[in-house]
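# Summary of the model geometry
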Amino acid sequence: MESSLFQPIVAAAIAAAIAARAYKKKSLDLSGAISGFVVMATLIAINCRFGAVLLVFFFTSSFFTKYGEEKKKVDADFKKGGQRNWKQVLFNSGVATILALIAKKSMGTQDYCLNSKESSLLTSLAGGIIGHYFCCNGDTWSSELGVLSDAQPILITTLKPVRRGTNGGVTRAGILAAAAGGSVIGLTYFVLRFITTSCKLKIVIKQLLLIPISTVAGVCGSVLDSLLGATLQYSGFCSVRNKVVGKPGPTVNKISGINLLDKNAVNIVSIMLTTVLTSIACSYIF
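Below, the structure is looked at part by part. (Residues numbered from 1 in each chain as written. Predicted model: local features only at pLDDT ≥ 70, side-chain atom pairs only at ≥ 80, totals over all residues. Heavy atoms only, no water.)

### Observations concerning the overall build of the protein
Secondary structure assignment for the protein yields nine helices and five strands. Traced from its N-terminal end to its C-terminal end, the protein shows the element sequence α-α-α-α-α-β-β-α-α-α-β-β-β-α. In summary, the protein has a C-alpha radius of gyration of 19 Å against a globular reference of 19 Å for 286 residues, a match within 12%. Every one of the 286 residues in the protein was classed for burial, and the buried ones make up 50%. Taking the contacts inside the protein whose residues are at least 6 apart along the sequence as the reference set, 72% of them involve residues at least 24 apart. For the protein, the exposed area adds up to about 14,000 Å²; of that, 65% sits on carbon and sulfur atoms. On the protein, the mean spot of the 29 positive side-chain charges and the mean spot of the 13 negative ones are 2 Å from each other. (Helix = DSSP H or I, 4+ residues; strand = E, 2+ residues; numbered from the N terminus. Rg over C-alpha atoms; globule rule 2.2 N^0.38 Å. Buried < 20%, exposed > 50% of the residue type's maximum accessible area, 1.4 Å probe, protein only. Contact = heavy atoms within 4.5 Å. Areas by Shrake-Rupley, 256 points an atom, 1.4 Å probe, with all protein chains shown as cover. Lys, Arg positive; Asp, Glu negative; His and termini not counted. Charge placed at Lys NZ, Arg CZ, Asp CG, Glu CD.)

Laid out in structure tokens, this is it:
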């Protein structure tokens, strides 16, 4: 077997196994499993570290989505098992996949350290890809763990207490979870460097800055998501369903926001902003 075919075949096998298991466990519906397979296979085939951060995001987020499900039923969009569809898969990985395909055009499947002196383009692209997952993992951990906090959430724009499940509601536990979620991605990307590539000691030491960058980016992504949710996404309390809902109605009392963006749109805007900011930061820092 040609070496050029080995990595794509292994990537497809790994992606197929994970997508099938996720579908069986109801973490993904059929459309989510198919799109998830495509995204996973593409990223793993292009760069093992890109694939690894995707898998860390997927497995940890799936675990925390299912954790404490009973308490999460206050959310009008609650689904047992947190089943995701193709829209959520592409919104959470589409931008990173496109950037990875662009990077492949320049570098092939060879891994590299973040080093603008060697290649500012590749450093910016890699920064954007991992920044994408700093945001996704941080925001997901924040949402899934923050709602379990016993503390009363406050609306990020007014700092006034709001009901659980309100878009833009934040807790201290949620912010800490966002920091942890981002840093886990940064740590994964840094540690795997020792397996997938080599660079000078001075460059290696500088790569450690990924840890604080990932922590800040995780919080940044979560805060951006909350700000957008509090202002451009509608939240109201339905007296019939006894839940916070995302659309106005005759039995709904408004809490915050306007009915402009839905949850997926808020996610993609916050992801794209964090991706751009992290890409710029990496190009300057490294």
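So much for the structure itself; the text now carries on.
### Notes on the layout of surface pockets
Looking at the second largest pocket, its volume works out to about 190 Å³. Taken together, Met 107, Gln 110, Asp 111, Tyr 112, Cys 113, Asn 115, Glu 118, Thr 197, Ser 198, Cys 199, Lys 200 and Ile 203 form the lining of the second largest pocket. Class assignment of the residues belonging to the lining of the second largest pocket gives a composition of five nonpolar, four polar and three charged. (1 Å grid on protein atoms, 1.4 Å probe; cavity = no way out; pocket = protein on both sides within 12 Å on 5 of 7 lines; lining within 4 Å. Points joined across faces, edges and corners; volume = space filled by probe spheres on them. Nonpolar A, V, L, I, M, F, W, Y, C, P; charged D, E, K, R; others polar.)

### Quick look at the packing of aromatic side chains
According to the stated counting rule, one finds seven aromatic pairs in the structure shown. For the pair Phe 190 and Phe 194, a centre-to-centre distance of 5.5 Å together with 90° between the ring planes defines the contact as edge-to-face. Of this pair, Phe 190 and Phe 194 both sit in helix H6 (residues 172-196), separated by four residues, roughly a single helical turn. These aromatic residues form a ring-pair network of at least three members: Phe 63, Phe 64, Tyr 67 and Trp 141. The ring of Phe 237 has Arg 163 lying over it, and the distance from NZ or CZ to the ring centre is 3.7 Å. Its guanidinium or amino end placed over the ring of Phe 194, Arg 193 lies 4.2 Å from that ring's centre, counting from NZ or CZ. (Phe/Tyr/Trp six-rings, centres within 6.5 Å; stacked < 30°, edge-to-face > 60°. Lys NZ or Arg CZ within 6 Å of the ring centre and 35° of its normal.)

### What about empty space enclosed by the protein?
Inspection of the entire model under this criterion finds one cavity of 30 Å³ or more. Surrounding the largest cavity, Ile 46, Asn 47, Phe 50, Ala 103, Lys 104, Met 107, Gly 108, Gln 110 and Tyr 112 form its lining. Ranked by residues supplied to the lining of the largest cavity, first place goes to helix H4 (residues 86-107) with three residues. Partitioning the lining of the largest cavity into residue classes produces five nonpolar, three polar and one charged.

### Points about the state of the cysteines
Summed over the entire model, instances satisfying the criterion amount to one disulfide. Across the disulfide, Cys 113 is cross-linked to Cys 199 (sulfur-sulfur distance 2.3 Å). Between Cys 113 and Cys 199 the sulfur-sulfur dihedral comes to about -75°; the bridge is accordingly left-handed. Of this pair, Cys 113 sits in the loop between H4 and helix H5 (120-146) while Cys 199 sits in the loop between H6 and helix H7 (201-207), and the two are 86 residues apart along the sequence. Relative accessible area serves as the criterion here: at 10%, Cys 113 is assigned to the buried category. Of all cysteine sulfurs, the one in Cys 135 lies closest to Cys 136, which takes part in no disulfide; the gap is 5.4 Å. The exposure class of Cys 136 is buried, given its relative accessible area of 2%. In this structure Cys 220 is a free cysteine whose sulfur lies 7.5 Å from that of Cys 135, the closest cysteine sulfur available. (Disulfide = S-S within 2.5 Å.)

### Here's the deal with the pattern of salt bridges
Going through the model one piece at a time under the given rule, you end up with two salt bridges. A salt bridge links Arg 49 to Asp 111; the shortest N-O distance between them is 2.8 Å. With a gap of 62 residues between them, Arg 49 in helix H3 (residues 48-66) and Asp 111 in the loop between H4 and H5 connect regions that are remote in the sequence. The exposure class assigned to Asp 111 is buried, which follows from its relative accessible area of 10%. As a salt-bridge pair, Glu 144 and Arg 84 come within 4.0 Å of each other at their nearest N and O atoms. Of the two residues, Glu 144 sits in helix H5 while Arg 84 sits in the loop between H3 and H4, which places them 60 residues apart along the sequence. (Salt bridge = Lys/Arg side-chain N within 4 Å of Asp/Glu carboxyl O.)

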